[in-house]
Each structure stands twice: as C-alpha cells, then as structure tokens.
Amino acid sequence: MRVDVVTIFPDYLAPLDLSIVGRARRSGAVDVHVSDLREHTTDRHRTVDDTPAGGGAGMVMRPEPWGASLDAVVASGRDAGAEGLPRLLVPSPAGLPLTQAMAGELAAEDWLVFACGRYEGIDERVLDEAGESGLFSAVTPVSLGDYVLCGGEVAVLAIVEAVVRLLPGVLGNPASIVEESHSAGLLEHPAYTRPATWRGRQVPATLMSGDHARIARWRRDRALERTAQRRPDLLAALPPGALDDADLAALSVAGWSPDRVREGAGEQDL
Ligand code: JQB
C-alpha cells in the first residue's frame, strides 16, 4: 500500500517511523510519503490561509496550494509506479466516523492520500474539485470522533495505524485479528499477566484454571458486561443473532433484559 500525507507540519508525522507502522514501512508493506503543503505556495510569505468567506472567526485554508499539492502527489505516485486511482481522505470533525469496518475497507485500497487541514479547515471547493477531477477514486471526509482537534495530523496517525496493522504480514500474530473479529462489536474483555498476585490483587481464578471453555465464557461475559456498562449503543447495534442464550443470561445477571439490550439505553449512567 502507498500512503501520501499533505500537511503544513510534516514533523507531526514523524511517529510513522516508529513501532509497528515503522517496521511495516521498513518491510515494504507500506510506503509512506509526507509532503509540505507550503512547497506549493507562490507568495513570499508562503501563505496557506485566509479569512472566511461570509465573515466570522478563524481562518480557512486557501484552495490554490491544495490543488497544486494534490496534483503533484498524484503525479509523483504515478511516476513511482502506483497504478489505479488513490482514495482521498480528509480528516474533519464533520467527517464520517472512523470505525473498524472503515479501517478494513481502507486496508483493501492500494493507495491512500490524506489531506491534513488546520485552522477552521480546507476551502470546500478543494474536496468538490478532487471528487470531479478524475484523479481520485473517491473523496472521503473522515472523523476520529466527536471532539475538536487542531488539525488533521493526529487523525492521520490514528487512521494509518488502524489500517496498517490490518495489512498482510504486519502483525506477527494474525490470531489477534481473528480474536478481534470473534468479539466484533463488543468492548474487549480485561487482560491480565504475571505475577498471579500483585499488591494483594489476584488474577481472576478462572484465568488460572486451564479450562479453555470456561476461560472463553468468562472473557465473553466480561466483554458483554463492560459493553453494557460503557457502550450500550454498541449492544443495540449488534446484528440479529449476535447474542446467544448464554450471552443473554450473562447480560441478565448484569441487569440487562433483552428489551433493554435492543434499546441500547442512550441515557445510561456512566
Ligand atoms: C482543522 C480540524 C479535525 C481536521 C478529525 C476530529 O476543523 C475545525 N473546525 C472547527 C474548528 C477547528 C477545526 C480544526 N481542524 C482541520 C481539522 C479538526 C480534523 C478533527 C477531527 N479527523 N476532531 N477534529 N475528530
């Protein structure tokens, strides 16, 4: 997979050299190119922003450097042998929420281009033009969640990490991805390691029992309990048939009737 990132803060993407993503780059699983939007400014002050049309607070990113940068990124990817059209992703608090399902779709793409905005975001015509230019297979505004960051760079770090770990050969142990899909739609169960007793706290006895069926049941029950407590919206969103009788029994012990599960109880106390 090829990944291009356009930003006014290339140094913000330095963590993409570290850890799993860094190793994936060195192994050739992903080829990351970070470029500086200001290279495509033409004025002496390398200006990328201007006041909002219609007035109001803050600044908006001017379209001209974005048009030139995106043209250049697509041209240099092609020169480097990239085939097909890249997908353009634009982090924004107004984007589609990033989910594990979206990460899975993105992991199936050959080429992703990220446009990192700053200030109050990028002139909307940049997205409209990219969508009609024929340079991109799709243009997708994407959000990390319902809070406001200062720019798209942190979102790119998160999205690239979520995607790259799904690429073939990147995680040494694909069993962990299999386990994730097994518990898909629920929060993770709690995890423990040695020592068996730490500051007077025991690892739960079931996990020390060696009884694999009992351990699997215990983990599923803890995952269900946590999800009901912390993310009742996820329980309500499970596909029909995702919960069997044993699951419903575990939830009923935790005070969740099947009706309450279906409602997802948005007004839950946390
Ligand atoms: C500028 C961003 C996010 C990109 C994601 C998320 O866009 C804005 N609008 C109003 C005020 C401030 C901004 C700041 N801003 C570019 C930019 C925020 C992404 C962002 C994001 N992805 N929250 N914020 N989940």
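Whatever comes next refers back to the structure up there.
Per chain, residues are indexed from 1 in the order of the written sequence. The predicted origin of the model limits local features to residues at a pLDDT of at least 70 and limits the giving and counting of side-chain atom pairs to 80 or more, whereas totals for whole chains, interfaces and linings rest on all residues. Only heavy atoms go into the side-chain values, all of them from the structure, while hydrogens and water stay out.

Hey, could you go over the packing of helix α3 (residues 100–107) against helix α5 (residues 153–164) for me, with residue numbers and the actual values?
Between α3 and α5, whose axes approach to 8 Å, the crossing angle comes to 70°. What the angle tells us is that α3 and α5 run roughly perpendicular. Seen from α3, the contacting residues are A103, L106 and A107; seen from α5, they are I159, A162 and V163. Simply put, an axis is a line fit to the C-alpha atoms, just over the touching stretch for a helix, and the angle between two N-to-C directions goes from 0 to 180 degrees. For the purposes of this entry, the term helix denotes a DSSP run of H or I that reaches at least four residues, the term strand denotes a run of E that reaches at least two, and both are numbered from the N terminus. What sets the label is the angle itself: under 35 degrees gives roughly parallel, over 145 gives roughly antiparallel, 65 to 115 gives roughly perpendicular, and the rest give oblique. Whether two residues are in contact is decided by their heavy atoms, any of which lying within 4.5 Å being enough.

So, the pattern of salt bridges: which residues are in play, and what are the values?
Here, a salt bridge means any Lys or Arg side-chain nitrogen found within 4 Å of an Asp or Glu carboxyl oxygen. Inspection of every chain in the model, using the stated rule, returns 14 salt bridges. Measuring nitrogen to oxygen at the nearest pair gives 2.6 Å for the salt bridge that ties R62 to E64. For R62, a relative accessible area of 27% corresponds to the partly exposed category. Burial status follows relative accessibility: with a 1.4 Å probe on protein chains alone, a residue under 20% of its type maximum counts as buried, one over 50% as exposed, and anything between as partly exposed. Overall, E64 belongs to the partly exposed group, its relative accessible area being 47%. Among the ionic pairs, D233 bridges to R231, the shortest N-O distance being 2.9 Å.

Could you give an account of helix α1 (residues 19–27), naming the residues involved and the relevant values?
Among the residues making up α1, those that are buried are V21, G22 and A24. The arc that holds the buried residues of α1, viewed along the axis, is 160°, so those residues lie on one side. Those residues of α1 that are exposed and angled more than 90 degrees off the buried face are S19, R26 and S27. Buried-residue contacts for α1 involve α5. Just downstream of α1, G28 is the residue with a positive phi angle, here 90°. Working note: the arc is built from the helix axis to C-beta atom directions.

Outline the side chain of T7, listing residues and values.
Mapped onto the fold, T7 is located in strand β1 (residues 2–7). On the accessibility criterion, T7 (0% relative accessible area) is buried. Pairs of N or O atoms are called polar contacts if they sit within 3.5 Å, as long as, within protein, a hydrogen donor faces a hydrogen acceptor (for residues adjacent in sequence, only side-chain-to-side-chain pairs). Among the polar contacts made by the side chain of T7, one reaches the main-chain amide nitrogen of F9 at a distance of 2.7 Å. Once residues lying within four places of it in the same chain are set aside, the contact partners of T7 are L13, V34, S35, D36, L37, C116 and E153.

Pulling in residues and values, what's your account of the packing of aromatic side chains?
Think of it this way: a Phe, Tyr or Trp ring, Trp meaning its six-membered ring, pairs with another when their centres are within 6.5 Å, and the plane angle makes it stacked under 30 degrees, edge-to-face over 60, tilted otherwise. All chains considered together, the criterion is met by two aromatic pairs. Ring centres 6.4 Å apart and planes at 55° place the aromatic pair F9 and Y12 in the tilted group. When its relative accessible area of 36% is taken as the criterion, F9 is described as partly exposed. Over the ring of W256 we find R260, and its NZ or CZ is 3.9 Å from the ring centre. Charge over a ring is defined by NZ of Lys or CZ of Arg lying within 6 Å of the ring centre and within 35 degrees of the ring normal.

Tell me about the nonpolar core, and please be specific about residues and values.
Formed by 29 residues in total, the largest nonpolar core has its most connected members in V3, V30, F114, V160, V163 and V164. Residue assignment for this core shows that the elements contributing at least two residues are β1, α1, α3, β6 (111–115) and α5. Counting residues per element, this core draws most heavily on α5, at eight residues. Working definition of a nonpolar core: buried Ala, Val, Leu, Ile, Met, Phe, Trp, Tyr and Cys residues. They are joined through side-chain atoms within 4.5 Å. Counting 20 residues, the second-largest nonpolar core is a separate cluster that includes W111, V126, L127 and L135.

Describe unusual backbone geometry, with residues and values.
Omega for the peptide link from R194 to P195 comes to 0°, which places this bond in the cis form. Looking at the element boundaries, P195 is found in the loop between α6 (175–182) and β8 (197–198). With a phi close to 55°, Y119 is a non-glycine residue in the positive phi region. Tracing the sequence through the fold places Y119 in the loop between β6 and α4 (124–132). Even without being a glycine, R199 presents a positive backbone phi close to 50°. The topology assignment puts R199 in the loop between β8 and β9 (201–202). R199 sits in the exposed class, given a relative accessible area of 73%.

Would you mind going over the pairing of strand β2 (residues 31–36) in detail, with residue names and values included?
One ladder, built from six bridges, connects β1 with β2; its direction is parallel. Considered in β2, the bridge of V5 is made with V34. With the strands aimed away from the viewer, a crossover counts as right-handed if its path from the first strand over the helix to the second runs clockwise. Following the chain from β1 across α1 to the adjacent parallel β2, one finds a crossover that is right-handed. By the convention used here, strands pair only if DSSP detects at least 2 bridges between them.

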